[in-house]
Amino acid sequence: AYGDGRGGVAQNDTRATALFRQGCDGGVGRACYRLGTNYNYGRGVTPDKERSAQILARGCDLGDAGSCTDLGYFYEHAIGVTQSDVNATDYYRRACDAGNALGCNNLGHRYQTGKGVAQNEGEAVGLYRRACENGSGLGCGNLGYLYSAGVGVSQSDFEAVRYYRLGCDMR
């Protein structure tokens, strides 16, 4: 509640960070995710990208899919860690396997472009579809693009428009 200022509690990033740290130290993956996010953006603490990456790694190891997704992004873009396509792909895979729609979308993009994995457009189609079905508008839009271009699937303007609409409806 302190992190978001809800439930009649005023937002207090410093207090939220202390509580997230306590939860993360106690083995709660989602608390690690929130703590890592606070270090990334400097909410209640001095921004520290390296510390954020370390905390997100703990959250991912504890099974928090959001931590895995963010850590994949960190490895993809060299945020607090050394850039690594292989590590980015691994963390996106872990996120997707845990049901994170954005992780599936990002893993799909890795397969579409061949970064960190052998390029496999058919695999990208499946991952974008999974992302879309799990609520990622970005995944729907990416799937729409593949149908529009006939990449990994038979070209279909009808399917492209259908997935673009789904993505748009999801904002």
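Residues numbered from 1 in each chain as written. Predicted model: local features only at pLDDT ≥ 70, side-chain atom pairs only at ≥ 80, totals over all residues. Heavy atoms only, no water.

Novice: Give me the lowdown on the side chain of Q112, citing residues and values where you can.
Specialist: One can find Q112 in helix α6 (residues 101–113). A polar side-chain atom of Q112 sits 2.6 Å from a polar atom in the side chain of Y128. Apart from the residues within four sequence positions on either side, Q112 is in contact with Q119, A124, Y128, Y145 and L146. (Helix = DSSP H or I, 4+ residues; strand = E, 2+ residues; numbered from the N terminus. Polar contact = N/O pair within 3.5 Å; in protein donor to acceptor, adjacent residues only side chain to side chain. Contact = heavy atoms within 4.5 Å.)

Novice: Can you tell me about the packing of aromatic side chains, naming the residues and giving the values?
Specialist: Given two aromatic rings, their pairing is described by the distance between the two centres and the angle made by the two planes. The final tally for this structure, using the stated rule, is 2 aromatic pairs. Taking 5.7 Å as the distance between ring centres and 5° as the angle between the ring planes, the aromatic pair formed by Y75 and Y91 counts as stacked. With Y75 in helix α4 (residues 65–77) and Y91 in helix α5 (residues 85–97), this residue pair connects regions lying 16 residues apart in the sequence. Taken as a pair, Y75 and Y91 share a single burial class, namely buried. Consider the rings of Y147 and Y163, whose centres lie 5.7 Å apart with planes at 5°: the pair is stacked. In this pair, Y147 sits in helix α8 (residues 137–149) while Y163 sits in helix α9 (residues 157–169), placing the two residues 16 residues apart along the sequence. Note on Y163: relative accessible area 6%, which makes it buried. Above the plane of the ring of Y39 lies R51, whose end atom (NZ or CZ) is 6.0 Å from the centre. (Phe/Tyr/Trp six-rings, centres within 6.5 Å; stacked < 30°, edge-to-face > 60°. Buried < 20%, exposed > 50% of the residue type's maximum accessible area, 1.4 Å probe, protein only. Lys NZ or Arg CZ within 6 Å of the ring centre and 35° of its normal.)

Novice: Talk me through the state of the cysteines; I want residue IDs and the actual numbers.
Specialist: Taken as a whole, this structure holds 4 disulfides when the rule is applied. In this model, C24 is linked to C32 through a disulfide, with the two sulfur atoms separated by 2.0 Å. On the S-S bond that ties C24 to C32, the torsion sits near 95°, and the link is right-handed. The pair C24 / C32 is uniform in exposure class, with both members buried. Residue pairing for C132: its cysteine sulfur links by disulfide to C140, the two sulfurs lying 2.0 Å apart. Residues C132 and C140 are joined by a disulfide whose S-S torsion is about 90°; by sign, that bridge is right-handed. Residue C132 shares its accessibility class with C140, and that shared class is buried. Each bonded cysteine in the chain gets a number by its place in the sequence, and the pairs come out as 1-2, 3-4, 5-6, 7-8. Just so you know, C168 is unpaired, no disulfide at all, and the nearest cysteine sulfur is the one on C140, 11 Å from it. (Disulfide = S-S within 2.5 Å.)

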